[in-house]
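Chain residues, written in single-letter form:
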Amino acid sequence: MSDLTDEQHGLDPSSSPGTDGPNLRFASRDGRLVRLLSQLPAFRSTLNTPEPREIGIAYLASLIIEAIAIWARFAVDSYLPAGFPYLTFFPAVILTGFVFGMLPAILNACISALVAWYFFIPPIQSFGLNAQSFTALAFFFLVVAIDLGLLRLLLSAYAEQQRAKEDLTRHLQMQQLISDEVDHRLKNLLATTSGLITLSQRYATTPQELGTQLRKRIQAMGHSISLLRGSLSGETTSMRDTILSAVEPLGLTSGDRLSLEGPTLKLNASSIISLSLILHELGTNAFKYGALAQDRGSIKVSWEFCDAPEQADPQERWLQLLWEEQGAVGVEAPTRSGFGTDLVRRLAMGFGAPCTLDYRPEGLRAIFPMRRDSVLA
């Protein structure tokens, strides 16, 4: 977030990352049929839990379809030979399942079976069960079971396709975001290197010591960039190690300017990249304009388990990461949102909830709620 406050220091903020491109490209590839299916309640419910009102409307519409099927069956009864008790009921059940889902279709199937059994299967106007009526009912439920089973497979295939597309879109967004971050970081490389020299000069007593410190920090910066561009192999690391790796190029791993506090947690591969980018941006911003720009400034990073945010499911398990700067002077909130701010907010949303950035006079205080399942290995 090295340009969180660039707007206040006469610098042009970088443009925000173009992560909407993959969404637009994938949306344009959806055919008319897929877009139509996505509007049907049966297909929408495979991805999102319907509201009670939507469920009520679905059952009401299903009963209307069933009523029309019953009326149509009586209307054509005089034109049909014996042996067609379910002529209008099969289409009604299939249409209900395709449009409104499996449960309304099963309800209509049961109603259809009862109506056909009583009015159209001998003995007429009776629920008497003999070999003929049993065979007719068994045939009906067999055909309905096959039809609804195939429909269930169709709904499952649609849901898996949509989830796969969403996953691929998220990966493409992350790839674009990482690419933009690398460009952004390279633009600030010279300025950051100059700052490292100034910081190292404050504590180095000999030219040899200064050269050693600079070499280590520049090597650590190169390692951070390689980690950003490299591919993930499913390896895990701890929260503490990830934080130290992210702030190591700033020379914070030695001395007392950085304090870490929290339980030992193993992060999954995808969260390591996101968290490293966030912490690098926060550290670079603190180095330029926040607590690290002052001789006595310090940073405390802590993490702990917490309750779910208000907008989240209270049954989910969450943890919280806190970045707190101390010792800065006159820190003010940026007047515009630049690349760094946008980067941090976008990456934080990948953890399950938006972050909070509080620009206090003594330094930035940032809170990152994280769904445990999305970050822990």
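Since the model is a prediction, treat every value here as computed from it, not as a measurement. (Residues numbered from 1 in each chain as written. Predicted model: local features only at pLDDT ≥ 70, side-chain atom pairs only at ≥ 80, totals over all residues. Heavy atoms only, no water.)

1. Here we look at the sheet that holds strand β7 (residues 363–371)
Note the threshold: Two strands form a pair only when DSSP identifies at least two bridges running between them. Only DSSP runs of H or I reaching four residues or more are called helices, and only runs of E reaching two or more are called strands; each is numbered from the N terminus. Between the N-to-C directions of two axes lies an angle of 0 to 180 degrees, each axis being a line fitted to C-alpha atoms and, for a helix, fitted only over the stretch in contact. Here, two residues are considered to be in contact whenever any of their heavy atoms come within 4.5 Å of each other.
Spatially, the five strands line up as an open sheet ordered β2-β4-β5-β7-β6, and their pairing is mixed. Looking at strand neighbours, the two that pair on one side only are β2 (258–261) and β6 (356–360), the edges of this open sheet. Along the sheet, successive strands turn relative to each other by an average axial angle of 10 degrees, direction set aside. On top of the sheet, helix α10 (residues 239–247) reaches β2, β4 (298–306) and β5 (318–326); it is set at about 160 degrees to β2, its chief contact.

2. Quick notes on helix α6 (residues 102–119)
The cut-off we apply is this: A helix is expected to reach a length of 1.5 Å times the quantity of its residues less one. Relative accessibility thresholds used throughout: buried, under 20% of the residue-type maximum; exposed, over 50%; partly exposed, between the two (1.4 Å probe, protein chains only).
Helix length check: α6, at 18 residues, gives a terminal C-alpha distance of 26 Å against a target of 26 Å (1.5 Å per residue), a fit within 8%. What α6 keeps buried is the set Met102, Pro104, Ala105, Asn108, Ala109, Ser112, Ala113, Val115, Ala116 and Trp117.

3. Side note on the packing of aromatic side chains
Quick reminder of the rule: The criterion for an aromatic pair is that two Phe, Tyr or Trp rings (for Trp, the six-membered ring) have centres within 6.5 Å, with stacked assigned to planes under 30 degrees apart, edge-to-face to planes over 60 apart and tilted to the rest.
All told, the structure shown has 13 aromatic pairs when counted by the stated rule. For the pair Phe43 and Tyr158, a centre-to-centre distance of 5.1 Å together with 85 degrees between the ring planes defines the contact as edge-to-face. Of the two residues, Phe43 sits in helix α3 (residues 41–44) while Tyr158 sits in helix α7 (residues 131–187), which places them 115 residues apart along the sequence. Relative accessible area serves as the criterion here: at 0%, Phe43 is assigned to the buried category. Tyr158 sits in the buried class, given a relative accessible area of 7%.

4. What about the pairing of β6?
With five bridges connecting them, β6 and β7 associate as antiparallel partners. Its bridge partner lying in β7, Thr356 is registered against Ile367. Between β6 and β7, which pair antiparallel one after the other, the connecting turn spans two residues.

5. Observations concerning the nonpolar core
Selection rule: Put simply, a nonpolar core is a bunch of buried Ala, Val, Leu, Ile, Met, Phe, Trp, Tyr and Cys residues held in one set by side-chain atoms that sit within 4.5 Å of each other.
Met239, Leu321, Trp323 and Phe368 are the most contacted members of the largest nonpolar core, which totals 45 residues. It is helix α11 (residues 269–288) that provides the largest number of residues to this core, a total of nine residues. Sequence-distant contacts of Phe368, defined by excluding residues within four places in its chain, comprise Ile278, Leu282, Leu319, Gln320, Leu321, Val344, Ala348 and Cys355. Judged by nonpolar contacts, the second largest core, of 33 residues, contains Leu40, Ile65, Ala92 and Phe120.

6. Some points on unusual backbone geometry
Residues other than glycine predominantly adopt negative phi, and peptide bonds predominantly adopt the trans conformation. Here the amide bond leading from Pro122 into Pro123 is cis, since omega sits at -5 degrees, within 30 degrees of zero. Here Pro123 lies in the loop between α6 and α7.

7. A closer look at the pattern of salt bridges
Where we set the bar: Counted as salt bridges are all cases of a side-chain nitrogen of Lys or Arg within 4 Å of a carboxyl oxygen of Asp or Glu.
One pass over the structure, following the stated rule, counts eight salt bridges. Lys300 is the partner of Glu261 in a salt bridge, and the nearest nitrogen-oxygen pair spans 3.5 Å. Placement of Glu261 in strand β2 and of Lys300 in strand β4 is noted, with a sequence separation of 39 residues between them. With a closest N to O distance of 3.6 Å, Arg360 and Glu324 form a salt bridge. Within this pair, whereas Arg360 is found in strand β6, its partner Glu324 is found in strand β5, the two being separated by 36 residues in sequence. Like Arg360, the residue Glu324 is buried in the burial classification. If you follow the salt bridges from partner to partner, you end up with Glu324, Arg360, Glu362 and Arg365 in one network.

8. Comments concerning the packing of helix α4 (residues 52–76) against α6
Rule in force here: Throughout this description, any angle smaller than 35 degrees is read as roughly parallel, any larger than 145 degrees as roughly antiparallel, any in the 65 to 115 degree range as roughly perpendicular, and the remainder as oblique. By definition, turning the near helix anticlockwise from the far helix through less than a right angle yields a left-handed crossing, and turning it clockwise yields a right-handed one.
α6 packs onto α4 with a crossing angle of 25 degrees between their chain directions and a minimal axis gap of 10 Å. Taken together, the axes of α4 and α6 are roughly parallel relative to one another. The crossing of α4 and α6 is right-handed. Facing Tyr59, Ser62, Leu63, Glu66, Ile70 and Phe74 of α4, the residues of α6 in contact are Leu103, Pro104, Leu107, Asn108, Ile111, Ser112, Val115 and Phe119.

9. Some words on the environment of Thr237
Take Thr237: it is sitting in strand β1 (residues 237–238). Linking Thr237 and Leu267, residues 30 residues apart in sequence, is a C-alpha distance of 5.7 Å.

10. Notes on the side chain of Thr88
Here is the rule: Two N or O atoms form a polar contact when they lie within 3.5 Å of each other; inside protein one atom must be a possible hydrogen donor and the other a possible acceptor, and for residues adjacent in sequence the pair counts only when both atoms belong to side chains.
Counting through the fold element by element, Thr88 comes out in the loop between α4 and α5 (89–100). Among the residues examined, Thr88 registers a relative accessible area of 16% and is labelled buried. One polar contact links the side chain of Thr88 to the main-chain carbonyl oxygen of Ala69, over a distance of 2.8 Å. With near-sequence residues (within four places) excluded, Thr88 lies in contact with Ala69, Ala72 and Arg73.

11. Some details on the side chain of Ser298
Positionally, Ser298 belongs in strand β4. Not counting residues up to four positions away in its chain, the partners in contact with Ser298 are Arg257, Ala291, Glu324, Glu325 and Gln326.

12. Observations regarding α5
Between its terminal C-alpha atoms α5 stretches 16 Å, which fits the 16 Å expected from twelve residues at 1.5 Å a residue. Those residues of α5 that fall on the buried side of the exposure criterion are Phe89, Phe90, Ala92, Val93, Thr96, Gly97, Val99 and Phe100. Gly101 lies just past α5 and shows a positive phi near 115 degrees.

13. Quick look at the packing of α5 against α6
Note the threshold: Any residue outside Ala, Val, Leu, Ile, Met, Phe, Trp, Tyr, Cys, Pro, Asp, Glu, Lys and Arg is labelled polar, Gly included; the first ten of those are nonpolar and the last four are charged.
It is the contact of α5 with α6, at a shortest axis distance of 8 Å, that shows an interaxial angle of 165 degrees. With respect to α6, the element α5 is oriented roughly antiparallel. Relative to α6, the crossing made by α5 is right-handed. Contacts from Phe89, Ala92, Val93, Thr96, Gly97 and Phe100 in α5 reach Pro104, Ala105, Asn108, Ala109, Ser112, Val115 and Ala116 in α6. Looking at the contact of α5 with α6 residue by residue, the classes come out as nine nonpolar, four polar and no charged.

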